[in-house]
Amino acid sequence: MLTLACALWQTGDSLKRIVTTATAADIWDTIFSPSWIFIGSLCVHFSLTYTQRARIVSSPFTILLLYGPGIVFLSLYQMHYYEHIIQYFPFFGWVNFHNKNIIDVVQIYWVTVQVLVSLVLLFIHTFKIKNDKLLKKQSYFITIGMTIPIVTGVVAEVIIPTLFHRPAIPVTSTSMSLLSFATVMALKRYKLFTVSELINNETLIETLPIILISVSEQKRITYINKTGIETLGLIKKDISAINMNQLFLYKSKEDEMAFAKICERTIKYMQVENFESALITPNGKIDIILSSAPIINNNKVQGILFAVRDITELKKTHELIKKKEELLEDAQQISHVGSWEWNIRANTVQWSDEQYRIYGYEPGERSPFEIWSGEVPDEEQKIIKNIFQKACFDHKPVSCYHKILRPNGAEAIVHVHGKVTVDENNNAIRITGTTQDITELKQKEEMLQKQNEELQKINSELDKFVYSVSHDLRAPLTSMLGIIEITGEETKDPFVTDHLNLLKTSILKLDQFILDILNYSRNARQEVKKDEINFCDLLNGMIENLKYINNAHKVDVRVQVRNGALFCSDKSRVSIILNNLIANAIRYSNPDNNNPYVEIIVDITDREANIIVADNGIGIDNNLHDKIFEMFYRVSESSKGSGLGLYIAKEALKKLNGTITVESEKGKGSSFKISIPNS
Ligand code: ADP
């Protein structure tokens with residue numbers, strides 16, 4: 001803009017000179033007046049921008065201050081608010097006098113002050129540039145390019161007419177235009193406009209995140225950049241006294257020698273070398289990679305230049321990755337799981353070491369494709385290819401089993417899992433996955449299946465055996481009870497009746513024992529069923545059947561069913577549990593108690609049935625509460641049963657996912673609480 005304004009000013013001046021009348025000169029002068037009225041504002045604007053005072057330039061206030069007065073002056077000038085004094089001089093032609101009207105004078109001084117301010121700004125900036133030679137050169141060019149026309153212009157067109165009342169010498173526009181063009185051309189000529197040239201300068205070297213050190217042949221430091229000084233915590237003026245060796249933290253003597261050799265080789269053979277080492281810094285040790293190159297001047301090596309890069313973080317990350325890779329490798333080896341990746345686009349496959357071992361090969365021995373097509377049976381290959389093709393299409397995970405015929409003739413079975421990765425267009429680009437050697441697992445599974453089948457056979461035989469034995473055993477007992485009954489009716493002899501009663505008790509006990517064993521065997525083998533249970537019916541029938549127990553008629557059995565919901569569970573197991581608890585409550589009633597009772601409370605909810613079987617019988621000692629649930633445990637020899645009842649009840653509850661607890665006090669009574677889930 002500034003150059004354009006100069007050019008316009010020059011054009012206006014030229015046109016003014018070639019016209020013949022004062023009026024025509026005034027017209028050209030008025031048309032081109034914006035170029036010289038705003039020249040000062042443009043100068044300051046340029047200087048502010050060039051000296052990087054962007055914040056000031058961008059403020060609307062600055063813009064108003066810069067261009068506001070110019071607009072006012074321009075308006076007054078264009079309106080011919082005051083007379084334009086234009087006189088003819090033989091050499092310069094028509095010249096404008098600006099010394100008659102006060103507004104005109106102020107306007108000229110306004111422009112003068114602005115151009116001088118812009119010069120001051122440029123000078124300050126130029127002197128401030130220290131390290132950057134190229135930038136300083138550029139700044140000098142511009143400052144000189146502006147100073148010459150400005151100084152001559154101020155003298156010729158301001159001081160001479162306004163102070164000495166002599167006609168102005170109209171050369172400013174010409175010199176300003178010429179020098180302005182010359183400056184632009186000079187800057188271009190020396191490539192001072194292009195950034196690529198500036199990249200090579202010292203500022204960049206100083207601030208590069210690499211430590212740059214140059215040393216003499218004796219390894220004394222001759223230069224170190226800002227990053228180096230800061231990282232190593234050095235003081236600039238002490239640098240020349242430091243020997244390069246003092247900076248290093250050698251791991252061993254060999255390390256030190258290796259570095260010395262590198263320096264030697266760099267100097268001797270003028271070659272670039274790389275070396276890994278460590279440096280001491282105020283913040284501790286840093287790992288570095290160093291490259292050295294000879295500094296050559298007039299074909300003679302003057303020293304070595306080192307470029308040092310901090311690789312502490314890189315090394316840490318590298319070690320971490322290595323450790324993780326080792327861990328993964330170990331994990332794959334231990335678990336016999338290999339991993340693979342199929343790059344669909346490039347059609348390349350990568351295998352982990354364990355993947356090779358699963359196929360019976362050493363890592364990298366042959367290409368994965370060759371191994372796969374050689375060791376997997378043909379008919380299985382077809383199936384697997386189909387599965388993978390489908391996965392490429394629907395992007396769903398892959399899961400399949402296949403056989404491997406290893407080169408040593410052994411057969412293996414593997415389980416393959418894979419995951420499809422898609423690109424932004426939803427095309428499958430990669431499938432990654434694992435291969436697990438499940439040969440051993442499969443063998444064990446087959447063995448277990450065989451054993452299971454055998455066990456099932458034995459179980460069903462045992463079941464049949466227990467059933468027929470108990471059935472066959474119980475049948476003669478029933479006949480014996482019948483005979484005892486008939487004999488009892490036929491005899492009046494109290495002695496015989498007593499013996500018959502004893503015999504009957506023993507037979508009933510034996511019958512109960514057989515029934516307990518039968519229940520135990522059923523509970524252990526039979527599957528859990530789901531039946532709808534009506535507790536009222538179930539308990540009433542049960543109590544009716546328990547009447548044969550000695551003294552049962554003396555015990556008051558009360559039943560309370562709080563029916564909250566429909567209850568489903570395995571009816572036969574629930575019957576065994578309740579039957580045992582109620583029979584015990586009757587059996588172990590207190591003979592000294594006048595009102596023996598058994599209270600059964602059933603509370604049904606959607607989730608479970610909570611049942612309490614409480615009695616005021618003989619009770620159980622506190623420390624025996626856990627023991628009574630053990631197999632064949634009886635509190636005393638006088639106990640009437642086999643010691644199996646509570647054990648079977650607990651086992652049956654286990655099958656139903658239920659629980660049983662007891663609260664009892666000797667002499668006072670017992671309370672058994674059971675909880676059965678509602679299925
Ligand atoms: P048994 O067939 O001997 O009754 P159980 O396993 O049913 O075997 O019971 C174990 C022992 O717990 C019994 O011998 C008895 O001494 C005691 N017992 C069980 N229920 C009660 C009860 N309601 N009152 C007092 N003692 C009981």
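Placed above this text is the structure.
Attention here is on the structure that accompanies the text. (Residues numbered from 1 in each chain as written. Predicted model: local features only at pLDDT ≥ 70, side-chain atom pairs only at ≥ 80, totals over all residues. Heavy atoms only, no water.)

The next point concerns the packing of aromatic side chains. All chains considered together, the criterion is met by 16 aromatic pairs. Arranged with centres 6.2 Å apart and planes meeting at 20°, the rings of Phe 123 and Phe 127 form a pair that is stacked. Taken together, the residues span about one helical turn, with Phe 123 and Phe 127 both in helix H6 (residues 102-128) at a distance of 4 residues. The exposure class of Phe 123 is partly exposed, given its relative accessible area of 34%. Look at Phe 127 and you get exposed, because its relative accessible area is 51%. Geometrically, the ring pair formed by Trp 340 and Phe 388 is tilted, given 5.8 Å between the ring centres and 50° between the ring planes. Pair noted here: Trp 340 is in strand S8 (residues 337-343) and Phe 388 is in helix H17 (residues 378-394), with a separation of 48 residues, a long-range link. Comparing Trp 340 with Phe 388, the two get one shared label, buried. A connected cluster of aromatic rings, assembled from ring pairs, spans Trp 36, Tyr 77 and Tyr 82. Across the ring face of Tyr 401, the terminal group of Lys 442 is positioned such that the distance to the ring centre comes to 5.4 Å. Lying over the aromatic face of Tyr 597, Arg 558 brings its terminal NZ or CZ to 4.3 Å of the ring centre. (Phe/Tyr/Trp six-rings, centres within 6.5 Å; stacked < 30°, edge-to-face > 60°. Helix = DSSP H or I, 4+ residues; strand = E, 2+ residues; numbered from the N terminus. Buried < 20%, exposed > 50% of the residue type's maximum accessible area, 1.4 Å probe, protein only. Lys NZ or Arg CZ within 6 Å of the ring centre and 35° of its normal.)

Lining the immediate environment of the ligand, one finds 21 residues, of which Asn 584, Tyr 588, Val 635, Ser 642 and Leu 646 sit closest. One of the side-chain nitrogen or oxygen atoms of Asn 584 is found 2.8 Å away from an oxygen atom of the ligand. At 3.0 Å, a backbone N or O of Ser 642 approaches an oxygen atom of the ligand. A total of 530 Å² of accessible area belongs to the ligand in isolation, and the protein chains cover 98% of it. Of all elements in the fold, only helix H21 (571-587), helix H22 (645-655) and strand S19 (669-677) reach the threshold of two or more residues within the shell around the ligand. Counted by class, the shell around the ligand contains 10 nonpolar, 8 polar and 3 charged residues. (Near = heavy atom within 4 Å. Polar contact = N/O pair within 3.5 Å; in protein donor to acceptor, adjacent residues only side chain to side chain. Areas by Shrake-Rupley, 256 points an atom, 1.4 Å probe, with all protein chains shown as cover. Nonpolar A, V, L, I, M, F, W, Y, C, P; charged D, E, K, R; others polar.)

Read from one edge of the open sheet, 5 strands run S14-S16-S17-S19-S18, paired in mixed fashion. For this open sheet the edge positions go to strand S14 (556-562) and strand S18 (659-665), each flanked by a neighbour on one side alone. Neighbouring strand axes in the sheet, compared pairwise and without regard to direction, differ in orientation by 10° on average. Across 7 bridges, S18 lies against S19 in antiparallel orientation. (Pairing = 2+ DSSP bridges. Axes fitted to C-alpha atoms, helices over the stretch in contact; angles between N-to-C directions.)

One turn of an α-helix holds 3.6 residues; hence residues three or four places apart share an orientation. With 24 residues, helix H14 (residues 312-335) ought to run about 34 Å at 1.5 Å a step, and its terminal C-alpha atoms sit 34 Å apart, in line with that. Turning to H14, its buried residues are Thr 312, Glu 329 and Gln 332. At its buried positions, H14 is contacted by strand S6 (284-297), strand S7 (300-310), S8 and helix H15 (353-358). Remark: His 336 follows H14 within two positions and exhibits a positive phi of approximately 55°. (Expected span 1.5 Å × (residues − 1). Contact = heavy atoms within 4.5 Å.)

Let us look at the sheet that holds strand S4 (residues 221-224). The strand order S4-S3-S7-S6-S5 describes an open sheet built from 5 strands, whose pairing is antiparallel. If you trace the sheet from one side to the other, it starts and ends with S4 and strand S5 (273-281), each paired once. Neighbour to neighbour, the strand axes of the sheet diverge by 30° on average, direction disregarded. Here 9 bridges tie S5 to S6, and the two strands are oriented antiparallel to one another. Opposite Glu 273, over in S6, you have Ser 292 as the bridge partner. The strands that helix H13 (residues 253-269) touches are S5, S6 and S7; relative to S5, the one it contacts most, it runs at about 130°.

This part covers the nonpolar core. Soluble globular proteins tend to bury their nonpolar side chains together. Within the largest apolar cluster, 41 residues are counted, with the highest numbers of intra-cluster contacts made by Phe 535, Leu 578, Ile 582, Ile 600, Ile 611, Phe 672 and Ile 674. When residues of this core are traced back to their parent elements, those giving at least two are helix H20 (535-545), H21, strand S16 (597-604), strand S17 (608-615), H22, S18 and S19. Ranked by the residues each element gives to this core, the list is headed by H21, at 8 residues. Leave out the neighbours within four places in its chain, and Ile 600 touches Leu 539, Ile 543, Val 557, Arg 558, Val 559, Gln 560, Ile 582, Ile 611, Ile 612 and Val 613. Within the second largest apolar cluster, 33 residues are counted, among which are Leu 66, Tyr 77, Val 115 and Val 154. (Core = buried A, V, L, I, M, F, W, Y, C linked by side-chain atoms within 4.5 Å.)

It is at 9 Å that the axes of helix H1 (residues 2-18) and helix H3 (residues 39-50) come closest, and there the two elements cross at 160°. As judged from the angle between their axes, H1 and H3 are roughly antiparallel. In this structure, the crossing between H1 and H3 has a hand that is left-handed. In this structure, H1 uses Leu 2, Ala 5, Cys 6 and Trp 9 to contact H3, whose residues at the interface are Ile 39, Leu 42, Cys 43 and Phe 46. Class assignment for the residues of the contact of H1 with H3 results in 8 nonpolar, no polar and no charged. (Parallel < 35°, antiparallel > 145°, perpendicular 65-115°, else oblique. Left-handed = near helix turned anticlockwise from the far one by under 90°.)

Locating Asp 287 in the fold gives a position in strand S6. Not counting chain neighbours up to four residues away, the residues in contact with Asp 287 comprise Ser 277, Ala 278, Arg 309, Asp 310, Ile 311, Thr 312 and Lys 315.

None of the figures reported here should be taken as evidence of function without further support.
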